[in-house]
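# Report on the structure
Listed below, chain by chain, are the residues.
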Amino acid sequence: MDWSKQRVLIRSFITPELKRRIDIHETRYHKAHDGFGEVWITLDGKKIFGGGYYHWHVSSLPEDAALQNGYHEDFYKINIETEQIERIMKLGLHETSHITKNLRNYLNSPFNEIMKSNNPIYKAFGIIDRRLGRKSFQRIILSENEHPLVKIFYELRKEQFES
């Protein structure tokens, strides 16, 4: 599925009260030898989250990060099984495909599994999903070291339910 179709589908799941405020963007660096690019999320036009191939490869990964070219299957699972990958994701270090593949998988995942996920991309989008009701939202408990995107989306949804 091409990015523009995927973006439309993802946005269709965002609760109507937040749909105008949240947007998802992707770009490719066509002049780069490999054509890699970036993905980022904006809130009211301001970038709040993102990742990209080049950001990933110049970032300081934890010393125990034994990853082959940034790949580990846990980056793409609804429930991350490896503590190391969970730690990297919570640091906010994301390669382009970590975001785009997770968003694509999000579209095809059962909502009850999304809400139990420890993958911050699934969890964040689950919080702003139109299928999440007030009572279910009130049962969400965030940990102290929750991913920044999850915290931002949680606060947005909390404001929406309080108004």
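Use the structure listed above.
This report concerns the structure included in the present document.

Here the focus is the sheet that holds strand E1 (residues 22-28). Here we have three strands laid out as an open sheet, ordered E1-E2-E3, and antiparallel in their pairing. Of all the strands in the sheet, just E1 and strand E3 (46-52) have a single pairing partner and so form its edges. Ignoring strand direction, the axes of neighbouring strands in this sheet form an average angle of 20°. Relative to E3, strand E2 (residues 37-43) runs antiparallel, the two being bridged by six bridges.

Under the counting rule described, the total for this entry stands at six aromatic pairs. Measuring from centroid to centroid gives 5.2 Å for Phe137 and Phe161, while their planes differ by 40°, and the two rings are tilted. Of the two residues, Phe137 sits in helix H8 (residues 134-138) while Phe161 sits in helix H9 (residues 148-162), which places them 24 residues apart along the sequence. Through a chain of ring-to-ring contacts, three or more aromatic side chains come together here, namely Phe13, Tyr106, Tyr122, Phe125 and Phe153. The positively charged end of Arg130 is found above the aromatic ring belonging to Phe13, 5.0 Å away from the centroid.

Applying the stated rule across the entire model yields five salt bridges. Note that Asp23 and Arg11 form a salt bridge whose closest N and O atoms lie 3.7 Å from each other. Placement of Asp23 in strand E1 and of Arg11 in helix H1 (residues 3-13) is noted, with a sequence separation of 12 residues between them. As a salt-bridge pair, Asp44 and Arg21 come within 2.8 Å of each other at their nearest N and O atoms. A residue pair is termed long-range when its members are at least 10 positions apart, and Asp44 in the loop between E2 and E3 and Arg21 in the loop between helix H2 (16-19) and E1 qualify at 23 residues. The class for Asp44 is exposed, based on a relative accessible area of 51%. Overlapping salt bridges bring together Arg7, Arg11 and Asp23 as one network.

Bringing the environment of Trp40 into the picture now. By secondary structure assignment, the location of Trp40 is in strand E2. When the C-alpha atoms of Trp40 and Gly50 are compared, they prove to be 3.9 Å apart, with 10 residues separating the residues in sequence. Apart from residues no more than four positions distant in its own chain, Trp40 is found in contact with Asp23, Ile24, His25, Glu26, Thr27, Lys47, Phe49 and Gly50.

Our focus in this paragraph is helix H7 (residues 120-127). For H7, the buried fraction is high: eight of the eight residues fall into the buried class. Of the residues making up H7, those classed as buried are Pro120, Ile121, Tyr122, Lys123, Ala124, Phe125, Gly126 and Ile127. Among the residues of H7, the N-terminal cap falls to Asn119, whose side-chain oxygen and the backbone nitrogen of Ile121 are separated by 3.0 Å.

Core analysis: the biggest nonpolar cluster contains 40 residues, and Ile22, Ile24, Ile41, Leu103, Phe125 and Phe153 have the highest contact counts within it. At the level of elements, H1, E1, E2, helix H4 (83-90), helix H5 (96-107), helix H6 (111-114), H7 and H9 are the ones that each hand at least two residues to this core. Here this core gets six residues from one element, more than from any other, and that element is H9. Setting aside residues up to four positions removed in sequence, Ile22 forms contacts with Arg11, Ile14, Ile41, Thr42, Leu43, Ile128, Phe153 and Leu156.

You can see Met1 is positioned in the segment before H1. For Met1, a relative accessible area of 56% gives the class exposed. With 103 residues separating them in the primary sequence, Met1 and Arg104 have C-alpha atoms 8.6 Å apart. When residues no more than four places from it in sequence are discounted, the contact partners of Met1 are Gln6 and Leu9.

Here is what the cut-offs are and how they apply
- Residues numbered from 1 in each chain as written.
- Predicted model: local features only at pLDDT ≥ 70, side-chain atom pairs only at ≥ 80, totals over all residues.
- Heavy atoms only, no water.
- Pairing = 2+ DSSP bridges.
- Helix = DSSP H or I, 4+ residues; strand = E, 2+ residues; numbered from the N terminus.
- Axes fitted to C-alpha atoms, helices over the stretch in contact; angles between N-to-C directions.
- Phe/Tyr/Trp six-rings, centres within 6.5 Å; stacked < 30°, edge-to-face > 60°.
- Lys NZ or Arg CZ within 6 Å of the ring centre and 35° of its normal.
- Salt bridge = Lys/Arg side-chain N within 4 Å of Asp/Glu carboxyl O.
- Buried < 20%, exposed > 50% of the residue type's maximum accessible area, 1.4 Å probe, protein only.
- Contact = heavy atoms within 4.5 Å.
- Polar contact = N/O pair within 3.5 Å; in protein donor to acceptor, adjacent residues only side chain to side chain.
- Core = buried A, V, L, I, M, F, W, Y, C linked by side-chain atoms within 4.5 Å.

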